[in-house]
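Overview (structure and organization)
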Amino acid sequence: MIVLKSPQEIDRMRTACRIAYEILLHISELVQPGVTTFDLEQIASAEAAKRKAKCAFKGYHNYPSSLCCSPNNQVVHGLPTKNPLKSGDILSLDFGVYIDEFYGDSAVTVPVGKISTAAQALIAATEHSLYAGIENAVPGNRLGDVSHAVQQYVEKLGYSVVRDFVGHGIGRNLHEDPQVPNFGQPGKGLKLKAGMVLAIEPMINEKSHDVIVLDDQWTVITSDGGLSAHFEHTVAITDKGPEILTRI
Ligand code: MF3
Ligand code: CO
């Protein structure tokens, strides 16, 4: 069941989304060689508490942390660790909050120190593919138009789209219908309507799209050891077009 949001509800989601994004951006600016993802986790949860927001992921299906930190070949849901980041790493950070009965969710991938041109290209392509998807999140389009736009953008460049994890509707729940795959056929699927709010989140692999979940039951890695990048925005579909709610 898809729950449409009124303009008043979208207003309230804007607050949650801005807080999530503001904290995510703050954390991402602290990333440098020597910093640990455990440090980032602590800062993220302290910043959320300062704003009286709840961390959306902590305790969600027993996820143990507030922040997902997925370096290099980790795709999503990486757990914070005390291993210092090193120059040349890339790091995907995913953060969500809950405040005033609504969720906001966003993710970015950032370089640690100086990274390879191959890693830079993967990050740029993943971010651009998110915007290609968002441009298609307009009333009257189909969900497949969003999915296909992401897929086409990255596959043209030789990358692959993770199949086993997808974006999602979001609102009074972190995960609502519909699922938002990053692969699909144009003109197919659910018709998009004003009032839908989607978390669009391409997870893009340098090589094969195949992934493995580690024994910790959370950390998702690429099966071939290739790099992976992840960007996410919470987006409201409105009569005036897509509105990115996770922004400053
Ligand atoms: N952005 C991710 C998602 O929507 C993060 C979820 S982590 C979890 O699935 F712990 F909450 F599952
Ligand atoms: Co999400």
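A brief look at the structure comes next. In this text the structure is predicted, and so the values were computed from the model without any measurement. (Residues numbered from 1 in each chain as written. Chains lettered and ligands numbered in written order. Predicted model: local features only at pLDDT ≥ 70, side-chain atom pairs only at ≥ 80, totals over all residues. Heavy atoms only, no water.)

A few words now on the site of ligand 1. Surveying the vicinity of ligand 1 reveals 13 residues, the closest of which are Tyr63, Asp94, His168, His175 and Glu232. A distance of 2.9 Å is found between an oxygen atom of ligand 1 and a side-chain nitrogen or oxygen belonging to His175. At 3.0 Å from a nitrogen atom of ligand 1 is found a side-chain nitrogen or oxygen belonging to Glu232. Across the complex, the protein chains shield 95% of the 330 Å² of accessible surface that ligand 1 would expose by itself. Counted by class, the shell around ligand 1 contains 6 nonpolar, 3 polar and 4 charged residues. (Near = heavy atom within 4 Å. Polar contact = N/O pair within 3.5 Å; in protein donor to acceptor, adjacent residues only side chain to side chain. Areas by Shrake-Rupley, 256 points an atom, 1.4 Å probe, with all protein chains shown as cover. Nonpolar A, V, L, I, M, F, W, Y, C, P; charged D, E, K, R; others polar.)

Bringing the sheet that holds strand β6 (residues 160–161) into the picture now. Taken together, the 3 strands give an open sheet; going across it, the order is β6-β10-β13, and neighbouring strands pair in antiparallel fashion. Every other strand in the sheet has two partners, leaving β6 and β13 (228–230) as the edge strands with one partner each. Bridge count for strand β10 (residues 203–205) against β13 is 3 bridges, and the pairing is antiparallel. Paired with Met203 across the bridge in β13 is His230. Strands in contact with helix α3 (residues 117–135) are β10 and β13; relative to β13, the strand with the most contacts, it is inclined by about 35°. (Pairing = 2+ DSSP bridges. Helix = DSSP H or I, 4+ residues; strand = E, 2+ residues; numbered from the N terminus. Contact = heavy atoms within 4.5 Å. Axes fitted to C-alpha atoms, helices over the stretch in contact; angles between N-to-C directions.)

Another aspect to go through is helix α1 (residues 7–29). Between its terminal C-alpha atoms α1 stretches 32 Å, which fits the 33 Å expected from 23 residues at 1.5 Å a residue. Glu9, Ile10, Met13, Ala16, Cys17, Ile19, Ala20, Tyr21, Ile23, Leu24, Ile27 and Ser28 are the residues of α1 that are buried. The secondary structure elements touched by the buried residues of α1 are α2 (37–50), β2 (67–71), β4 (90–99), β5 (102–111), β9 (197–200) and β14 (233–238). (Expected span 1.5 Å × (residues − 1). Buried < 20%, exposed > 50% of the residue type's maximum accessible area, 1.4 Å probe, protein only.)

Here the cobalt ion (ligand 2) is held by the protein donor atoms Asp105 (OD), His168 (NE2), Glu201 (OE) and Glu232 (OE), which lie 2.1 to 2.3 Å from it. Around the cobalt ion (ligand 2), the 6 donor atoms are arranged such that angles at the metal cover 67 to 173°; this shape is classified as irregular. Donor residues for the cobalt ion (ligand 2) sit on one chain with the sequence pattern D-x62-H-x32-E-x30-E. Note that Asp105 is positioned in strand β5 and His168 in strand β7 (residues 167–169), a separation of 63 residues in sequence. (Donors = N, O, S within 2.8 Å, 3.2 Å for Na, K, Ca; no water. Tetrahedral: all angles 85-135°; square planar, octahedral: opposite > 155°, others 65-115°.)

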